[in-house]
Amino acid sequence: MIKNTFKNFLISIIYFSYSQVALADLYDVPKVGTVQNRSHDYSSELTVQGGYLPMDPFTKYLAYGGSYTYFFSAFTAWEVVNGSITSPMIAGLRTDLIENFGATTSRFEV
């Protein structure tokens with residue numbers, strides 16, 4: 001009985017130590033390597049952005065902007081500047097309502 005208990009204890013110790021080694025390998029930080037051979041490395045990047053925002057039937061918005069990114073290496077970069085702006089664009093529905101039906105615009109409190 002004592003032999004079986006000691007044997008089970010040793011098996012448990014071996015199993016536990018092996019599982020800890022396997023977990024350590026599982027959660028270690030992987031080494032980063034490139035998959036492709038690049039002919040050049042990025043040093044900086046300039047991005048131009050544009051968009052169209054239909055907010056409601058009367059008003060639409062045009063959005064535009066840009067950003068500049070500086071690359072320290074193939075894996076790290078810093079987006080130095082990122083800016084955008086929108087400008088309203090009056091839709092044709094407002095003009096049609098005023099010209100065809102004589103509707104006037106009025107403000108009301110919400």
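Above: the structure in question.
Engineer: Honestly, the side chain of Lys60 in this entry has me stumped. Any pointers?
Structural biologist: Relative to the elements of secondary structure, Lys60 occurs in strand E2 (residues 59-71). Buried charge without a partner: Lys60 forms no salt bridge, and the closest opposite charge is Asp56, 5.6 Å away. Once you skip the residues sitting within four places of it in the chain, Lys60 turns out to touch Tyr52, Leu53, Pro54, Ser87, Pro88, Met89 and Ala91.

Engineer: Can you help me understand the environment of Ser67 in this one?
Structural biologist: Overall, Ser67 belongs to the buried group, its relative accessible area being 6%. Once the C-alpha coordinates of Ser67 and Ser84 are considered, the two residues, 17 residues apart in sequence, prove to be 8.6 Å apart.

Engineer: Explanation requested: the pairing of strand E3 (residues 77-90) in the structure shown.
Structural biologist: Along a regular strand, successive side chains alternate from one face of the sheet to the other. Where E2 meets E3, 13 bridges bridge the pair, whose relative direction is antiparallel. Within E3, the position partnered with Ala63 by the bridge is Thr86. Following E2, the chain reverses through five residues before pairing antiparallel with E3.

How each quantity is defined
- Residues numbered from 1 in each chain as written.
- Predicted model: local features only at pLDDT ≥ 70, side-chain atom pairs only at ≥ 80, totals over all residues.
- Heavy atoms only, no water.
- Helix = DSSP H or I, 4+ residues; strand = E, 2+ residues; numbered from the N terminus.
- Buried < 20%, exposed > 50% of the residue type's maximum accessible area, 1.4 Å probe, protein only.
- Lys, Arg positive; Asp, Glu negative; His and termini not counted.
- Salt bridge = Lys/Arg side-chain N within 4 Å of Asp/Glu carboxyl O.
- Contact = heavy atoms within 4.5 Å.
- Pairing = 2+ DSSP bridges.

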